[in-house]
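Take a look at the letters that make up each chain.
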Amino acid sequence: MGGVTEAPSKGGKKSMNVELNLVPFIDLMTVCVTFLLLTAVWTQTNRISIDQSVAKPKPNQPQQEQPKRLTVMVGRDGYSIRWSEDPKAESIPKAGNGKYNADGLKAKLKEWLDAKRFKNDQKVMVAPEDAMPYSEMIGAMDACNQVGLMNIMVADAASVIGEMM
Amino acid sequence: MPVKKPESRIGSSVHMKGLKVGAAGKAHRSLQVNLNLTPMIDMFTILVVFLLLVFSASGEILFQQKDIQLPKAFTQRPLERVPIIGISQAVILFEGNFVEDSGKVSEKTLPDLRIPPLSKVLKGAAEAFKRDHPMPSEKERAEKWMEDAKQIIIQADEGVRFEVIRLVMMTAANEGYSAVNFAVVPKGGKAG
């Protein structure tokens, strides 16, 4: 077990075989493997965070003007984004394979950011229709996060459209 | 080099007299068995390195459920340990315990936009948090405490209707859980 042989010296009679005792090493390895197997995390999960809390106005605070708002609607036909300063909404239809065009949404948001329509700390309202699957809402939020828009709120499309009218 | 007659060569550290005695009966056959430990040590080393790489100090936060397929996203922010609401196509769970059928949750059946059983368990969780972690008196720590107290994780299946998610979020916000963390699987990772 773990023998090391040295070249014979002139002295001659002394044994040249040195045995390394590997038993403690194997014990340590076994304990390490067992501990790491028990504490291993096999599935990695991350998070997309939103804060739905609304700051209450102070009693003596003067009435402020309506905040500017960026809205990303998720409908049956694809995404539709709207900047409150611009009355025209921009629609990003589904791709040819029927999937939502998250890359198109990302590109349009990046274009508007580069044109300095708003800054990275702009509040974004993601508003899916009630029948939309949850994964499409996450897709829209992920596209916003990827271009640096982290300040996200969620509302339903019907109430957002109602507010716009 | 002369050929030597084979003989017992059990190492001095191994006191196995019985083997030597046994060998005496059959003088020409060596009973020494050399176990080659090198492949085993190699395997252990590779295992330890791999397991150290996947080690996470925070441990497993979400218990994976077979009927909840998490959506995928590119975000890199890790989850923290806060109360978890699980939503599958069939049921809504709080910390793994059944709360309500997902099919019963809609704006038509819940006109006040609250899910009463979920509201009840969330209220209990909020009270337990306040009891176990009293609000600190220092301003900075109190702010951190207030931030922690409103955090919640939603672990929902990717196919659940947004209406169900919205009503769960509104119920949570009514009970003070307004900071919602949606659990996602990193894109390119294993879904669970």
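Everything numeric in this text was worked out from a predicted model, so none of it was measured.

Caption draft 1: Quick look at the overall build of chain A. When you go through chain A residue by residue, the secondary structure sums to four helices and eight strands. In chain A, the succession of α and β elements from N to C terminus is β-β-α-β-β-β-β-α-β-α-β-α. The contacts of chain A with a sequence gap of at least 6 include a subset with a gap of at least 24, amounting to 59%. Carbon and sulfur atoms make up 55% of the accessible area of chain A, which amounts to about 10,400 Å² in all.

Caption draft 2: Up close: the packing of helix α1 (residues 23–39) of chain A against helix α2 (residues 38–53) of chain B. At their nearest, the axes of α1 of chain A and α2 of chain B sit 9 Å apart, and the two run at 35 degrees to each other. When the axes of α1 of chain A and α2 of chain B are compared, the crossing they make is left-handed. On the side of α1 of chain A, the interface is formed by F25, I26, M29, T30, C32, V33, L36 and L37 of chain A, while α2 of chain B contributes M40, I41, F44, T45, L47, V48, L51 and L52 of chain B. Split by residue class, the contact of α1 of chain A with α2 of chain B holds 14 nonpolar, two polar and no charged.

Caption draft 3: View of the packing of aromatic side chains. Using the criterion set out here, one finds five aromatic pairs over all chains in the structure. For the pair Y134 of chain A and F182 of chain B, a centre-to-centre distance of 5.8 Å together with 55 degrees between the ring planes defines the contact as tilted. Of this pair, Y134 of chain A sits in helix α3 (residues 134–146) while F182 of chain B is found in strand β6 (residues 179–186), placing the two residues in two different chains. With relative accessibility at 0%, the residue Y134 of chain A sits in the buried group.

Caption draft 4: Structural detail: the domain arrangement of chain B. Looking at chain B, the domain boundaries give domain 1 (17–54) and domain 2 (72–186). On a C-alpha basis, the centroid separation for the pair domain 1 of chain B and domain 2 of chain B is 55 Å.

Caption draft 5: Focus on helix α2 (residues 102–114) of chain A. All names here are of chain A. Its 13 residues place the ends of α2 18 Å apart at the C-alpha level, agreeing with the 18 Å of an ideal helix rising 1.5 Å per residue. Of the residues making up α2, those classed as buried are L105, K106, K108, L109, W112 and L113. The buried residues of α2 all sit within an arc of 165 degrees when viewed along its axis, so they share a single face. Exposed and facing more than 90 degrees away from the buried side of α2 are D103 and D114.

Caption draft 6: Quick peek at the interface of chain A and chain B. With 46 residues of chain A in contact, the opposing surface of chain B contributes 56 residues. When chain A packs against chain B, close to 4,300 Å² is buried across both sides, 63% of that on carbon and sulfur atoms. Sorting the residues of chain A by area buried against chain B places N46, R47 and Y134 of chain A first, and these three jointly supply 21% of that buried surface. For the pair chain A and chain B, the interface holds 16 residue pairs in polar contact (both at pLDDT 80 or more). Only β2 (17–19), α1, β3 (46–51) and α3 of chain A provide two or more residues apiece to the side of chain A that touches chain B. Of the residues forming the side of chain A that touches chain B, the biggest block, 10 residues, is contributed by α1 of chain A. When the residues that make up the side of chain A that touches chain B are grouped by side-chain class, the tally is 26 nonpolar, 13 polar and seven charged.

Caption draft 7: The environment of Q69 of chain B, seen in detail. Residue and element names in this part refer to chain B. Assignment of secondary structure puts Q69 in the loop between α2 and β1 (72–73). Taking the relative accessible area as the measure of exposure, Q69 reaches 33% and is therefore partly exposed. For the pair formed by Q69 and I152, sequence separation is 83 residues and the distance between their alpha carbons is 19 Å.

Caption draft 8: Seen up close, the side chain of Q122 of chain A. Within the secondary structure, Q122 of chain A is located in the loop between α2 and β7 (124–128). The residues touching Q122 of chain A, leaving out its near neighbours within four places in the chain, are K68, R69, L70, W83, L149 and N151 of chain A.

Caption draft 9: Highlighting the pairing of strand β4 (residues 70–74) of chain A. All names here are of chain A. By the criterion of burial, β4 is predominantly enclosed, with five of the five residues buried. The alternating pattern of β4 places L70, V72 and V74 on one face and T71 and M73 on the opposite face, and all of these are buried. If you look at the hairpin formed by β4 and strand β5 (residues 78–83), you'll find three residues sitting between the two strands. Judged from the five bridges that link them, β4 and β7 form a sheet pairing that is parallel. The partner of V72 across the bridge, within β7, is V126.

Rules used throughout
- Residues numbered from 1 in each chain as written.
- Chains lettered and ligands numbered in written order.
- Predicted model: local features only at pLDDT ≥ 70, side-chain atom pairs only at ≥ 80, totals over all residues.
- Heavy atoms only, no water.
- Helix = DSSP H or I, 4+ residues; strand = E, 2+ residues; numbered from the N terminus.
- Contact = heavy atoms within 4.5 Å.
- Areas by Shrake-Rupley, 256 points an atom, 1.4 Å probe, with all protein chains shown as cover.
- Axes fitted to C-alpha atoms, helices over the stretch in contact; angles between N-to-C directions.
- Left-handed = near helix turned anticlockwise from the far one by under 90°.
- Nonpolar A, V, L, I, M, F, W, Y, C, P; charged D, E, K, R; others polar.
- Phe/Tyr/Trp six-rings, centres within 6.5 Å; stacked < 30°, edge-to-face > 60°.
- Buried < 20%, exposed > 50% of the residue type's maximum accessible area, 1.4 Å probe, protein only.
- Domains from an automatic or database assignment.
- Expected span 1.5 Å × (residues − 1).
- Arc of directions from axis to C-beta.
- Buried area = accessible area lost by both parts, 1.4 Å probe.
- Polar contact = N/O pair within 3.5 Å; in protein donor to acceptor, adjacent residues only side chain to side chain.
- Pairing = 2+ DSSP bridges.

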